[in-house]
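# Tertiary structure, described
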Amino acid sequence: MATASQPDLASLRVLVTRPVERSAELVAALTAAGAKVLTQPLLNIAPLTAPHHEAELQRSRQLFMNLDCYQHLIFISVNAVSYGIEAIEQFWPQWPVGVKVHAIGAATAAALAARHIDVDTVDNVAMNSESLLATPVLQRLQGQKVLIVRGLGGREYLAEQLAARGAQVDYAECYQRLSPALDREQFHTLLRRQDINIVCVNSGETLHYFHSLLQDAALSYRVLVPGERVASLAVALGFTQVIQAENAGTAATLAALRGFVNK
């Protein structure tokens, strides 16, 4: 039994795969709990660039210019806040009246709060699309307009469900996710040398890249995934050792690891 002076995750050697700008909190929490941590981002965040993404950039600018026409504004991630707010403030130095702001994830809500933007769901933070969709204010949306701020591409589930409730849904895509160019053999050698026994992925996209990079060798690793959807993806890919966290947040990640260690 771990005590306050005895870290309880000392048996774990965890690979953290979050983008570098989003990994510090989790790395610090894991280290404080006694785990040995290796960081290797399997997803990088980058701005959209002209001329390659000129169409997306122009569309987002137009949507932000007309932000006062929307009843709801949803930020998918901290990156959506970082890139989206910068673009919005070019047109709206004073926030438009009547637009309810929603965040997915506690870190996203905190990023908005740090910019003095009131979040409609601040007292009951939605940690994923499913929990956001359960909030009362998003149940009846007939005739209302919703703008989702996100990265290029991504999951369609949230928009589909909102549209089914009567909303007109638009995307403002403000950044892109890029897979790093890693050498398969060097990466696998690094994991073996560090004797990694938990690979922590925070999205289905990251999981897919880990699997495609190491191929069948990836299936020998125990993966920690955020939620039922990514757990199902892991099983479908052939992973047999899957730890399911409630969501991608640091607290949920540590809770899942403690549950695994103490079972």
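One can find the structure itself at the top, above this paragraph.
To start, this report covers the structure provided alongside it. (Residues numbered from 1 in each chain as written. Predicted model: local features only at pLDDT ≥ 70, side-chain atom pairs only at ≥ 80, totals over all residues. Heavy atoms only, no water.)

Helix and strand content of the chain: ten helices and ten strands. Taking 18 Å as the expected radius of gyration for a compact globule of 263 residues, we find that the chain reaches 20 Å, a close match to that expectation. Within the chain, buried positions represent 46% of all 263 residues. For the chain, the accessible surface area stands at approximately 12,900 Å², while carbon and sulfur atoms represent 51% of it. Side chains of the chain carry 21 positive and 23 negative charges; the gap between the two charge centres is 5 Å. (Helix = DSSP H or I, 4+ residues; strand = E, 2+ residues; numbered from the N terminus. Rg over C-alpha atoms; globule rule 2.2 N^0.38 Å. Buried < 20%, exposed > 50% of the residue type's maximum accessible area, 1.4 Å probe, protein only. Areas by Shrake-Rupley, 256 points an atom, 1.4 Å probe, with all protein chains shown as cover. Lys, Arg positive; Asp, Glu negative; His and termini not counted. Charge placed at Lys NZ, Arg CZ, Asp CG, Glu CD.)

This part is about the packing of helix α7 (residues 184–193) against helix α8 (residues 204–214). The geometry of α7 relative to α8 is characterised by a closest axis approach of 9 Å and an angle of 105 degrees between their N-to-C directions. As the angle between them shows, α7 and α8 are arranged roughly perpendicular. On α8, the residues that touch Arg184, Phe187, His188 and Leu191 of α7 are Phe210, Leu213 and Leu214. Counted by class, the contact of α7 with α8 contains five nonpolar, one polar and one charged residues. (Axes fitted to C-alpha atoms, helices over the stretch in contact; angles between N-to-C directions. Parallel < 35°, antiparallel > 145°, perpendicular 65-115°, else oblique. Contact = heavy atoms within 4.5 Å. Nonpolar A, V, L, I, M, F, W, Y, C, P; charged D, E, K, R; others polar.)

General note: in soluble globular proteins, nonpolar side chains tend to be found buried as a group. Judged by nonpolar contacts, the single largest core of 27 residues is most densely connected at Phe64, Leu73, Phe75, Ile88, Leu112 and Leu147. In terms of residue count, the dominant contributor to this core is helix α3 (residues 78–88) (six residues). In this structure, Phe64 is in contact with Gly84, Ala87, Ile88, Phe91, Trp92, Leu147, Val149, Ala172 and Cys174, ignoring residues within four places of it in sequence. Counting 22 residues, the second largest nonpolar core, distinct from the first, contains Phe187, Leu207, Leu214 and Ala218. (Core = buried A, V, L, I, M, F, W, Y, C linked by side-chain atoms within 4.5 Å.)

The sheet contact formed by strand β3 (residues 44–47) and strand β7 (residues 168–178) spans four bridges and is antiparallel. When the sheet's bridge partners are listed, Ile45 is paired in β7 with Arg177. The pairing of strand β6 (residues 145–151) with β7 spans seven bridges and is parallel. Of the residues in β7, the one forming a bridge with Ile148 is Tyr171. In this fold, β6 hands off to helix α6 (residues 157–164), which returns the chain to β7; that crossover is right-handed. (Pairing = 2+ DSSP bridges. Right-handed = clockwise from strand over helix to strand, strands pointing away.)

Of the two faces of strand β4 (residues 72–75), both are covered, the one formed by His72 and Ile74 as well as the one formed by Leu73 and Phe75. Note that β4 and strand β5 (residues 100–103) share four bridges and pair parallel. Within β5, the residue paired with Ile74 across the bridge is His102. With α3 bridging β4 and its parallel neighbour β5, the resulting β-α-β unit is right-handed. In this sheet, β6 lies alongside β4 in parallel orientation, the contact comprising four bridges. The residue bridging Ile74 from the neighbouring strand is Ile148, located in β6.

It is worth spelling out the packing of aromatic side chains at this point. Counted under the stated rule, the structure contains four aromatic pairs. Ring geometry for Tyr83 and Tyr175: centres 5.7 Å apart, planes at 25 degrees, overall stacked. Of this pair, Tyr83 sits in helix α3 while Tyr175 sits in strand β7, and the two are 92 residues apart along the sequence. In this structure Tyr83 comes out as partly exposed when scored by relative accessible area, which is 25%. Measuring from centroid to centroid gives 6.4 Å for Phe210 and Phe239, while their planes differ by 20 degrees, and the two rings are stacked. Remark: Phe239 occurs in the loop between α9 (228–237) and β10 (242–245) and Phe210 occurs in helix α8; sequence separation between them is 29 residues. By the ring-pair criterion, three or more aromatic residues cluster together here, those being Phe187, Phe210, Tyr221 and Phe239. The aromatic ring of Tyr70 is capped on one face by Lys145, whose charged end is 4.6 Å from the ring centroid. (Phe/Tyr/Trp six-rings, centres within 6.5 Å; stacked < 30°, edge-to-face > 60°. Lys NZ or Arg CZ within 6 Å of the ring centre and 35° of its normal.)

Let us look at the sheet that holds strand β8 (residues 198–200). Taken in spatial order, the five strands of this open sheet run β2-β1-β8-β9-β10, and their pairing is parallel. Each end of this open sheet is capped by a strand with a single partner; those strands are β2 (36–39) and β10. When strand polarity is set aside, the average angle formed by the axes of neighbouring strands in this sheet is 25 degrees. Bridge analysis of strand β1 (residues 13–16) against β2 gives four bridges, and the strand direction is parallel. Residue pairing in the sheet places Leu15 in a bridge with Leu38 of β2.

All right, on to α6 then. Where α6 is concerned, the buried positions are Leu158, Ala159 and Leu162. The arc that holds every buried residue of α6, seen down its axis, measures 95 degrees, which confines them to one face. Considering only its buried residues, α6 is in contact with β4, α5 (129–133), β6 and β7. Just downstream of α6, Gly166 is the residue with a positive phi angle, here 105 degrees. (Arc of directions from axis to C-beta.)

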